[in-house]
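A closer look at the structure
Residues per chain, in single letters:
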Amino acid sequence: MNLITLAIALLLLPVFPSDKIPVGTVIPVMLGSGLNASKDKPDKKIDGRIMQEITLPSGIKVREGARILGHTVNVSAGSSGSTIVVKFTAIQDEGRTIPVTVGLLAVASMARVNDAKLPVSGNSDISPDTQWATRQVGGDLVRRGWGKVFSSAGIEGKWVGGTSVLIRLTPNAGAGCSGGPGYDREQAVWIFSSSACGTYGLGKVKIASSGIDPPTGEIKLNSSRNIDIRGGSGWLFIVAGESSQETE
């Protein structure tokens, strides 16, 4: 092949959009690893599964079932309480590894996650699950038969099958989520509500630092008791800082 033919061939090669994940992209995750302040050490590997397909502005999708990887940064426990700092740094999806810097909007216990998957009416169990009404973590109502989600703030979203929901985020400044990038479009939130912010079903556990502002990605959890979050908990992350393109 001569140089002219090679140059033309290179020009005709398809150009693939970047997998860079924009700031403000919501990532709903079920954590597979448990966290326990009295047992864990710094640099413990933790991981979770992305629970709803995410479509990036480029058109590329991060599939449901992709993994998010992280580690404990700091762990302390004593008579006055406990602290765990975690950081999630990469998504693994079908052979590609995408670096991320994420902060935390909300975290829910395994029990709260399971509750959000069940019908709110005792009579609903005789109906097909496509007709159920379910309650999201944070209070939003999903009416699957209508294909819609309703928030207390009047935001209307879409039910798109199973436990997958698309809805625009609602600022919840009183709980610590004041808004910002990503609040202007519908997002994949899984079992969480539009205004979900903070901790749900985790007793005294509080989000001391979300890792969003400033966008450090370091998420700090505090409690006056021992922090013990079991695998199966739900985490609603949001991309807080610029992430690089995928690495092999």
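Quick notes on the rules
- Residues numbered from 1 in each chain as written.
- Predicted model: local features only at pLDDT ≥ 70, side-chain atom pairs only at ≥ 80, totals over all residues.
- Heavy atoms only, no water.
- Helix = DSSP H or I, 4+ residues; strand = E, 2+ residues; numbered from the N terminus.
- Contact = heavy atoms within 4.5 Å.
- Areas by Shrake-Rupley, 256 points an atom, 1.4 Å probe, with all protein chains shown as cover.
- Buried < 20%, exposed > 50% of the residue type's maximum accessible area, 1.4 Å probe, protein only.
- Pairing = 2+ DSSP bridges.
- Phe/Tyr/Trp six-rings, centres within 6.5 Å; stacked < 30°, edge-to-face > 60°.
- Lys NZ or Arg CZ within 6 Å of the ring centre and 35° of its normal.
- 1 Å grid on protein atoms, 1.4 Å probe; cavity = no way out; pocket = protein on both sides within 12 Å on 5 of 7 lines; lining within 4 Å.
- Points joined across faces, edges and corners; volume = space filled by probe spheres on them.
- Polar contact = N/O pair within 3.5 Å; in protein donor to acceptor, adjacent residues only side chain to side chain.
- Core = buried A, V, L, I, M, F, W, Y, C linked by side-chain atoms within 4.5 Å.
- Salt bridge = Lys/Arg side-chain N within 4 Å of Asp/Glu carboxyl O.
- Axes fitted to C-alpha atoms, helices over the stretch in contact; angles between N-to-C directions.
- Nonpolar A, V, L, I, M, F, W, Y, C, P; charged D, E, K, R; others polar.

A separate point is the overall build of the chain. Scanning the chain from terminus to terminus reveals 2 helices and 20 strands. Taking as baseline every contact in the chain between residues at least 6 positions apart, the subset at least 24 positions apart corresponds to 59%. Surface summary for the chain: the accessible area is close to 12,200 Å², and the carbon and sulfur share equals 52%.

So, on to the pairing of strand β1 (residues 26–31). Most of β1 is tucked away, with 6 of its 6 residues classed as buried. Burial along β1 is two-sided: V26, P28 and M30 and I27, V29 and L31, pointing in opposite directions, are all buried. Across 5 bridges, β1 lies against strand β20 (residues 234–241) in antiparallel orientation. Residue pairing across strands places P28 opposite L236, the latter belonging to β20. The pairing of β1 with strand β3 (residues 45–50) spans 3 bridges and is classified as antiparallel.

Within the structure shown, the criterion is met by 5 aromatic pairs. Ring centres of F88 and F237 lie 4.8 Å apart, and the angle between their planes is 50°; this geometry places the pair in the tilted category. You can see F88 sitting in strand β7 (residues 81–93) and its partner F237 sitting in strand β20, a full 149 residues away along the chain. Judged by relative accessible area, which is 1%, F88 ranks as buried. Since its relative accessible area comes to 0%, F237 is described here as buried. Ring plane angle 65° and centroid distance 6.2 Å describe the contact between W190 and F192, whose orientation is recorded as edge-to-face. Side by side, W190 and F192 carry an identical accessibility label, which is buried. Counting every residue linked through ring pairs, the aromatic cluster contains F88, W235 and F237. Directly above the ring of W146 sits R143, whose terminal nitrogen or CZ lies 5.0 Å from the centroid.

A word on empty space enclosed by the protein. Evaluated as defined, the whole model comprises 1 cavity of 30 Å³ or more. By volume, the largest cavity amounts to about 50 Å³. Contributing to the lining of the largest cavity are A116, T134, Q136, V142, R144, W159, G162, T163, V165 and I191.

Inspection of the secondary structure puts W190 in the loop between β15 (186–188) and β16 (198–200). On the basis of relative accessibility, which here comes to 0%, the residue W190 falls in the buried class. Between the C-alpha atom of W190 and that of G234, which follows or precedes it by 44 residues, the distance is 9.2 Å. For W190, the contacting residues outside a window of four places in its chain are P28, V29, M30, M51, Q52, V113, K117, Q136, T163, V165 and G234. Separated by 3.2 Å, the side chains of W190 and T163 make a polar contact.

Glancing now at the nonpolar core. With 34 residues, the main nonpolar core has I27, F88, I91, W235 and F237 as its most contacted residues. When contributions to this core are tallied by element, the ones reaching two or more residues are β1, β3, β6 (67–78), β7, β9 (101–108), β18 (218–223) and β20. Among the elements that line this core, the one with the most residues is β7, at 4 residues. Leaving out residues up to four positions away in the same chain, F237 has contacts with T25, V26, I27, V29, I68, F88, V102, G103, L104 and I219. Grouped together as the second largest cluster of nonpolar side chains are 27 residues, A106, A116, I155 and W190 included.

Glancing now at the pattern of salt bridges. Inspection of the entire model under this criterion finds 9 salt bridges. The partner of D93 in a salt bridge is R96, and the shortest N-O contact between them spans 2.8 Å. One exposure class covers both D93 and R96, and it is buried.

Strands sit in the order β10-β11-β12-β13-β14-β15 across an open sheet of 6 strands; the sheet is antiparallel. The outermost strands of the open sheet, each flanked by one partner alone, are β10 (133–135) and β15. The sheet shows a mean angle of 25° between the axes of neighbouring strands, taken without regard to direction.

Summary: where empty space remains is shown by rolling a probe the size of a single water molecule over the atoms. Volume-wise, the largest pocket comes out at about 420 Å³. Looking at the largest pocket, it is lined by 24 residues, and the ones nearest its centre are G176, G179, S210, I212 and D213. Going through the elements one at a time, β9, β17 (206–209) and β20 are the ones with two or more residues in the lining of the largest pocket. Across the lining of the largest pocket, the residue classes break down as 15 nonpolar, 8 polar and 1 charged.

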